[in-house]
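Reading the structure
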Amino acid sequence: DVRPSLDSTSEIAIASIKSNPFFGTGPHRFMESWQLYKPDIIFTSKERRAIQSAQIISKKLGIDLREINGLQERDWGDFSGKTWPEIQEVLDKMTLEERFNYLPPKGESWKQFEKQQQVSLRPLVLSQNSKKERAKARWRQPRQPQQKR
């Protein structure tokens, strides 16, 4: 049995209040808000442990899952086999900006990694935002009064 968490419920309430500042979502319309603001899909990298975690969440919440190229972890190059304290010996001597631009031997910089993530995620975010906007437009249409039987 999976239920919305306090965090997700709060996010839905905030989104609902932003779209209707005077009333938000009433008790009889919460499920409509949940359907509107809950995630439609879980995006995951193609790395095994990321897929395994995403599959668990996807199954529990009944949300589709899609593996995406370009979401892999940063390539640390020659640092890959080192422990974090060994890497810290190099990084602790640098400013935050130097760390951002630092290129580990045979690896990629934080800056390169961030750019790759943005390139991979941008079309996904734009696609999901347009779907949400279409859903919001449908949701905001006035309800038709129910006829008495």
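Owing to the predicted nature of the structure, the values given are computational and were not obtained by experimental measurement.

Each value, and the rule that gives it
- Residues numbered from 1 in each chain as written.
- Predicted model: local features only at pLDDT ≥ 70, side-chain atom pairs only at ≥ 80, totals over all residues.
- Heavy atoms only, no water.
- Helix = DSSP H or I, 4+ residues; strand = E, 2+ residues; numbered from the N terminus.
- Buried < 20%, exposed > 50% of the residue type's maximum accessible area, 1.4 Å probe, protein only.
- pLDDT = per-residue confidence, 0-100.
- Patch = residues over 30% accessible without salt bridge, like charges linked within 9 Å, V, L, I, M, F, W, Y side chains within 5 Å.
- Areas by Shrake-Rupley, 256 points an atom, 1.4 Å probe, with all protein chains shown as cover.
- Salt bridge = Lys/Arg side-chain N within 4 Å of Asp/Glu carboxyl O.
- Phe/Tyr/Trp six-rings, centres within 6.5 Å; stacked < 30°, edge-to-face > 60°.
- Expected span 1.5 Å × (residues − 1).
- Arc of directions from axis to C-beta.
- Contact = heavy atoms within 4.5 Å.
- Polar contact = N/O pair within 3.5 Å; in protein donor to acceptor, adjacent residues only side chain to side chain.

Helix and strand counts for the chain stand at 6 helices and 2 strands. The buried share among the 149 residues of the chain stands at 26%.

Across the chain, the average pLDDT comes to 77, with 61% of residues at 70 or higher. Averaged over each element, pLDDT in the chain is lowest for helix α1 (residues 6–19) (63) and highest for helix α5 (residues 96–101) (94).

A cluster of nonpolar side chains, contributed by I56, I57 and L61, occupies part of the molecular surface with about 270 Å² of accessible area. Inspection of the secondary structure assignment puts I56 in helix α3 (residues 48–61).

In this structure the tally under the stated criterion is 4 aromatic pairs. On the basis of an interplanar angle of 15° and a centroid distance of 6.4 Å, the ring pair of W76 and F79 is categorised as stacked. Overall, the relative accessible area of 7% leaves F79 in the buried class. Aromatic side chains W76 and W84 sit 6.3 Å apart centroid to centroid with 85° between the ring planes, which places their arrangement in the edge-to-face category.

On to α3. In this model α3 runs 20 Å from its N-terminal to its C-terminal C-alpha over 14 residues, within 8% of the 20 Å that 1.5 Å per residue would give. I51, A54 and S58 are the residues of α3 that are buried. One face of α3 carries all of its buried residues, which in axial projection span an arc of 70°. Facing away from the buried side of α3 by over 90 degrees, the exposed positions are R49, I56, K59 and K60. On its buried face, α3 sits against β1 (41–44) and β2 (64–67). G62 sits one or two residues past α3 and shows a positive phi near 65°.

Let's shift gears to the pattern of salt bridges. With the rule as written, the count across this model stands at 2 salt bridges. A salt bridge links R49 to E73; its shortest N-O distance comes to 1.9 Å. On the criterion of sequence distance, the pair formed by R49 in helix α3 and E73 in the loop between β2 and α4 (84–91) is long-range, its members being 24 residues apart. With a shortest N-O distance of 2.8 Å, D92 and R99 are connected by a salt bridge. Look at R99 and you get partly exposed, because its relative accessible area is 25%.

For the rest of this paragraph, the subject is the environment of I63. Mapping I63 onto the fold places it in the loop between α3 and β2. Note: C-alpha distance between I63 and P39 (24 residues apart in sequence) is 7.4 Å. Sequence-distant contacts of I63, that is, excluding residues within four places in its chain, are made with K38, P39, D40, I41, I42 and S58.

Turning our attention to the side chain of S45. Among the secondary structure elements, S45 is positioned in the loop between β1 and α3. Relative accessible area serves as the criterion here: at 8%, S45 is assigned to the buried category. Reaching out from S45, the side chain makes a polar contact with the backbone nitrogen of E47 at a distance of 3.2 Å. When near neighbours in sequence (up to four residues on either side) are disregarded, S45 contacts A50, I51, E67, I68, L71 and Q72.

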